[in-house]
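Topology and contacts: notes
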Amino acid sequence: MAEFAEVLRQLSAAQKPAKGVSAYSRFVNRPAGRVMAALAARIGATPNQLTLLGALFTFPALAAVALLRPGPVMSVCVGVALAVGFALDAADGQLARSQRSASLSGEWLDHVLDCVRVVLLHLVVLVAFYRFFVLPSPLFLLAPMVFQLAAVVIFFAGILTQQLKGRVTAGRGGGPASAWGSVLLLPVDYGTTCVCFLFLGSPDRFLVLYCGLLVAHVLFMVAFLAKWFRELHELQRPAQ
């Protein structure tokens, strides 16, 4: 037990900064991933194995959304499986950093599967809307398409911004995390989307929640793009 606690302490010390992280990832997903990473370290699992295990939770759950008629039990299983997959996605990076075993191929695999997950999630919702939902209007079939666009743009532009800023700000520490900022970012956290799937068995409620998250993603996409462009523009300006 003492050894497990020591592994948890080491993982906590190797944690990424909390700045720019939503409350779900900061207080739920990362701690859950830390426990999973500690268990993986005890049994000798590798970060890539955790990445693939997360995919085994995530992709069958997404397939169920497209193939099975929504019901209470099914929706809970899907929501829990997606949340576990997301926690494992946090665990693989924490394990790699604590073991100093991070690799380019491992990071590549992690990001590729993240991209597939983001795209596939909204595709299966589109299929479910078409097959199982009684929508107020056919126009609601556009919702997963717009949601997918916003989610992919945020995902890609966020990674690209980090890479470009890293060329200039390498070695500089980030500012302190804001509690209010963490709460504000909740609507665009993948974990919040996972929670939304717990209500898939109640189509009307799921539609309202999903469309609410869609609106939030579109608004945040516009705000993020403007913010990131401004930050990069400021970084390239010569110092006075």
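Overview of the structure. (Residues numbered from 1 in each chain as written. Predicted model: local features only at pLDDT ≥ 70, side-chain atom pairs only at ≥ 80, totals over all residues. Heavy atoms only, no water.)

**Focus: the pattern of salt bridges**
One pass over the full model with this rule turns up 4 salt bridges. Note that Arg-117 and Asp-89 form a salt bridge whose closest N and O atoms lie 3.9 Å from each other. Linking Arg-117 in helix α5 (residues 104-132) with Asp-89 in helix α4 (residues 72-99), this pair joins segments that are 28 residues apart in sequence. The pair Arg-117 / Asp-89 is uniform in exposure class, with both members buried. Of the charged contacts, one joins Arg-117 and Asp-114 as a salt bridge, the two residues approaching to 3.6 Å between their closest N and O atoms. (Salt bridge = Lys/Arg side-chain N within 4 Å of Asp/Glu carboxyl O. Helix = DSSP H or I, 4+ residues; strand = E, 2+ residues; numbered from the N terminus. Buried < 20%, exposed > 50% of the residue type's maximum accessible area, 1.4 Å probe, protein only.)

**Digging into the packing of aromatic side chains**
Overall, the coordinates contain 11 aromatic pairs when judged by the stated rule. Ring centres 5.5 Å apart and planes at 45° place the aromatic pair Phe-220 and Phe-224 in the tilted group. In this pair, Phe-220 and Phe-224 both sit in helix α9 (residues 203-236), 4 residues apart, roughly one turn of the helix. An aromatic cluster of three or more residues is present, and its members are Phe-129, Phe-133, Phe-147, Phe-197, Phe-206 and Tyr-210. (Phe/Tyr/Trp six-rings, centres within 6.5 Å; stacked < 30°, edge-to-face > 60°.)

**Considerations on the state of the cysteines**
Two cysteines form a disulfide when their sulfur atoms are joined by a covalent bond. In this structure the tally under the stated criterion is 0 disulfides. Not part of a disulfide, Cys-194 finds its nearest cysteine sulfur in Cys-196, a span of 9.7 Å. The buried category is assigned to Cys-194, whose relative accessible area is 2%. The thiol sulfur of Cys-196 is not disulfide-bonded, and the nearest other cysteine sulfur, from Cys-211, lies at 9.2 Å. According to the relative accessible area criterion, Cys-196 is buried, its value standing at 3%. (Disulfide = S-S within 2.5 Å.)

**Details of a nonpolar patch on the surface**
Taken together, the side chains of Val-76, Val-80, Val-195, Leu-198, Phe-199 and Leu-209 present a nonpolar region at the surface, about 420 Å² in accessible area. Secondary-structure assignment places Val-80 in helix α4. Residue Val-80 is classed as partly exposed on the basis of its relative accessible area of 44%. (Patch = residues over 30% accessible without salt bridge, like charges linked within 9 Å, V, L, I, M, F, W, Y side chains within 5 Å. Areas by Shrake-Rupley, 256 points an atom, 1.4 Å probe, with all protein chains shown as cover.)

**Considerations on the packing of helix α3 (residues 47-67) against α5**
Two elements in contact, α3 and α5, have axes whose closest approach is 8 Å; the angle formed by their N-to-C orientations is 10°. By the angle class used here, α3 and α5 are roughly parallel. Residues that form the contact of α3 with α5 fall into these classes: 17 nonpolar, 4 polar and 3 charged. (Axes fitted to C-alpha atoms, helices over the stretch in contact; angles between N-to-C directions. Parallel < 35°, antiparallel > 145°, perpendicular 65-115°, else oblique. Nonpolar A, V, L, I, M, F, W, Y, C, P; charged D, E, K, R; others polar.)

**Overview of the nonpolar core**
Core analysis: the largest hydrophobic core is formed by 32 residues, its most contacted members being Val-78, Leu-82, Phe-129, Phe-133, Phe-197, Phe-206 and Tyr-210. What Tyr-210 contacts, discounting residues up to four positions off in sequence, is His-122, Val-125, Phe-129, Ala-143, Pro-144, Phe-147 and Cys-196. Counting 10 residues, the second largest nonpolar core, distinct from the first, contains Ala-150, Leu-185, Ala-216 and Phe-220. (Core = buried A, V, L, I, M, F, W, Y, C linked by side-chain atoms within 4.5 Å. Contact = heavy atoms within 4.5 Å.)

**As for α4**
For α4, spanning 28 residues, the distance from its first C-alpha to its last is 40 Å, which sits close to the expected 40 Å at 1.5 Å a residue. Within two residues after α4, Arg-100 carries a phi angle of roughly 55°, on the positive side. (Expected span 1.5 Å × (residues − 1).)

**A look at helix α2 (residues 23-43)**
Taking 1.5 Å of rise per residue, the 21 residues of α2 would be expected to cover 30 Å, and the 30 Å separating its terminal C-alpha atoms lies within 8% of that figure. The largest bend along α2 reaches roughly 35° and is located at Asn-29, with the proline Pro-31 sitting one to four residues downstream. In this structure Ser-22 caps α2, since a side-chain oxygen of it lies 3.3 Å from the backbone nitrogen of Tyr-24. Gly-44 occupies a position one or two residues after α2 and carries a positive phi of about 80°. (Bend = angle between axes of the 7 residues up to and from the residue. Polar contact = N/O pair within 3.5 Å; in protein donor to acceptor, adjacent residues only side chain to side chain.)

**Focus: the packing of α4 against α5**
Contact pair α4 / α5: the axes reach a minimum separation of 11 Å and the direction vectors enclose 160°. The orientation of α4 with respect to α5, classified from their angle, is roughly antiparallel. The chirality of how α4 crosses α5 is left-handed. Note on element contacts: α5 touches α4 through Asp-110, Asp-114 and Arg-117, opposite Phe-86, Asp-89 and Asp-92. (Left-handed = near helix turned anticlockwise from the far one by under 90°.)

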